[in-house]
Amino acid sequence: MDNDKKTTVLTLTDEEIVNPGNRACSGCGLGIVYRTALKALGKDTVLAVPPSCLTVLQGLYPVASTKLPCVNVTFASTAAAATGVRAALRATGRDHLNVVAFAGDGGTGDIGIQALSGACERGEDIIYICYDNEAYMNTGVQRSGTTPKGVMTTTTPIKGKLQHKKDVPSIIAAHGIDYVATASAAYPLDLYDKVKKAASMKGGTRYIHVHTPCPSGWGFAPQYTVHIGKLGVTTGLFDLYEIVKGEFSLTGESAKRVGKERTPVEEYFKTQRRFRSLSQELTDEMQGMIDAKWANYTA
Amino acid sequence: MSKEEFCSMISVSEPGPGDGGNTGSWRVVRPVIDLEKCIPAKTGKPSCFNCWLYCPDAVVTKTLPPTIDYTYCKGCGICAEECPAGAITMVDEASFTKEEK
């Protein structure tokens, strides 16, 4: 993205595609992600959304907050439904429209991975955006494949989750698709540029994984959504990168952190109630994993 | 079958603000912008607009000065937290009830 001109607050469009007064919780990170991503996609877009917080946010009957056509589909079929929408558009001569599947982490990494993997393998002309709030938030904070180790959820109430977070973007990147990127709700401009870039690369499957803080599920006051999202990146726990045709590069805040000191990950854990049972050993283990991961990154 | 009949049969929603009702009623603290401190309002030039960028509900406008739509603002306080000039303060809703009556 180095050669492209980066979007700034002043050049970002003020056209809103998401109406205010939607049903998202106060301080919802997804609100920022959805609003920014739709700005980048523009009005020539059709969405496919599985059951998730987004189903509630994008609009229930009779009023919807989204000013776009949006298909509500079953949990396991998001990417398959998007494939079908693309086929229908192609058949009716409206192939210039963006087809975007917008799903949560459970709908992407657990239940929907089969359809997504199939779509990636076939190279369907769709954009898949996964907002990762690290549990099944809409149904009441149950553990998902992408919940980090040690997190308290309603289905891991005593010791926290025992397994590590599943690295979904790497799984998708292993399909060899043209564009895989990660972004964060705390860096909307970076997200905007990535969605814009994905939309410009027509012809193959494009995947964007967005780290999305959730005040009610993670246990923090709603005003800290952006603050905690930024901590997730500055501690090195969640990196912002993009893989364009196999070329890996860190972007934005993560690129600036290479070779420099990162915030200790403990600072991030302390801000959220879901990490309340985290032991010192596990904190050290996580810090060790982050350090090992960052040792491989070069500027 | 007419388009209207078909839409009501498959429960098509119409876009519009406030599908969750007047979400401003969820608010317990209200963001109030101090125009003396707000950078774009003070200098009269478009700049900053962090409140507009980070608002999850699109209720802050990118105008001079920025305004907040209190009908739908849920009072999360992200704008106050992210304002670099500290121009936005979260004021208890109870202190407004008298003057609004």
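Nothing here was measured: the structure is a model prediction, and the numbers come from that model. (Residues numbered from 1 in each chain as written. Chains lettered and ligands numbered in written order. Predicted model: local features only at pLDDT ≥ 70, side-chain atom pairs only at ≥ 80, totals over all residues. Heavy atoms only, no water.)

To continue, consider the overall build of chain B. Scanning chain B from N- to C-terminus turns up five helices and three strands. In sequence order, the secondary structure elements of chain B are arranged as α-β-β-α-α-α-β-α. Scaling as 2.2 N^0.38, a compact globule of 101 residues should have a C-alpha radius of gyration of about 13 Å, whereas chain B reaches 18 Å, well beyond that. On the principal axes, the C-alpha backbone points of chain B span a range of 60 × 35 × 20 Å. In chain B, buried positions account for 41% of the 101 residues. (Helix = DSSP H or I, 4+ residues; strand = E, 2+ residues; numbered from the N terminus. Rg over C-alpha atoms; globule rule 2.2 N^0.38 Å. Buried < 20%, exposed > 50% of the residue type's maximum accessible area, 1.4 Å probe, protein only.)

With that out of the way, let us pick up the confidence of the model for chain B. For chain B, per-residue confidence averages 90 on the pLDDT scale, and residues scoring 70 or more make up 98% of the total. Reported confidences for the modelled complex are a pTM of 0.93 and an ipTM of 0.91. (pLDDT = per-residue confidence, 0-100.)

Moving on, we get to the pattern of salt bridges. According to the stated counting rule, one finds 24 salt bridges over all chains in the structure shown. Between aspartate 125 of chain A and arginine 86 of chain A there is a salt bridge, with the nearest N and O atoms lying 3.7 Å from each other. Within this pair, whereas aspartate 125 of chain A is found in the loop between helix 5 (113–122) and strand 5 (127–132), its partner arginine 86 of chain A is found in helix 3 (residues 78–91), the two being separated by 39 residues in sequence. Across the salt bridge formed by lysine 230 of chain A and glutamate 82 of chain B, the nearest N and O atoms sit 3.6 Å from each other. One end of the pair, lysine 230 of chain A, is in helix 9 (residues 225–234); the other, glutamate 82 of chain B, is in helix 4 (residues 78–82), on a second chain. Here the residues in one salt-bridge network are Arg86, Arg90, Asp95, Asp125 and Arg206 of chain A, joined through shared partners. (Salt bridge = Lys/Arg side-chain N within 4 Å of Asp/Glu carboxyl O.)

A separate point is the nonpolar core. A general trend in soluble globular proteins is that nonpolar side chains are found buried together. Residue and element names in this part refer to chain A. In this structure, Leu30, Tyr34, Phe102, Ile129 and Ile208 are the most contacted members of the largest nonpolar core, which totals 63 residues. No other element matches helix 1 (residues 29–41), which puts eight residues into this core. The residues touching phenylalanine 102, leaving out its near neighbours within four places in the chain, are Leu30, Val33, Tyr34, Ala37, Leu47, Ala48, Val49, Pro50, Leu54, Ile129 and Tyr131. The next biggest cluster of nonpolar side chains, apart from the first, holds 45 residues, and it includes Val151, Val168, Ile243 and Leu282. (Core = buried A, V, L, I, M, F, W, Y, C linked by side-chain atoms within 4.5 Å. Contact = heavy atoms within 4.5 Å.)

This next bit is on the interface of chain A and chain B. Counting from both sides, the interface comprises 42 residues of chain A and, opposite them, 34 residues of chain B. For the pair chain A and chain B, the two sides together bury roughly 3000 Å², of which 57% comes from carbon and sulfur. When residues of chain A are sorted by the area they lose upon contact with chain B, Val9, Pro20 and Arg35 of chain A head the list and together hold 20% of the total. Summed over the shared surface of chain A and chain B, the result is two salt bridges. In this structure, the connection of chain A to chain B is made through 20 residue pairs in polar contact (both at pLDDT 80 or more). Counting only elements with at least two residues in the side of chain A that touches chain B, the list comes to helix 1, helix 2 (53–58), strand 2 (63–64), helix 7 (188–200) and helix 9 of chain A. For the side of chain A that touches chain B, the residue count by class is 22 nonpolar, 13 polar and seven charged. (Buried area = accessible area lost by both parts, 1.4 Å probe. Polar contact = N/O pair within 3.5 Å; in protein donor to acceptor, adjacent residues only side chain to side chain. Nonpolar A, V, L, I, M, F, W, Y, C, P; charged D, E, K, R; others polar.)

Residue and element names in this part refer to chain A. Spatial strand order, 3-1-4-5-7-6-8-9: eight strands in an open sheet with mixed pairing. Two strands in the sheet have a free side with no partner beyond their single neighbour: strand 3 (70–72) and strand 9 (247–250). Pairs of neighbouring strands in the sheet enclose a mean axial angle of 20°, with direction left out of account. Relative to strand 9, strand 8 (residues 241–244) is paired through four bridges, and the arrangement is antiparallel. Within strand 9, the residue paired with isoleucine 243 across the bridge is phenylalanine 248. Those strands touched by helix 7 are strand 4 (98–104), strand 5, strand 6 (179–184), strand 7 (206–211) and strand 8, and its axis lies near 160° from that of strand 6. (Pairing = 2+ DSSP bridges. Axes fitted to C-alpha atoms, helices over the stretch in contact; angles between N-to-C directions.)

Residues and elements named next belong to chain A. Here valine 73 lies in the loop between strand 3 and helix 3. Here valine 73 falls in the buried class, since its relative accessible area comes to 16%. Taking the C-alpha atoms as reference points, valine 73 and leucine 240, separated by 167 residues in sequence, lie 29 Å from one another. When neighbours within four sequence positions are excluded, valine 73 is seen to be in contact with Val49, Pro50, Pro51, Thr78 and Ala81.

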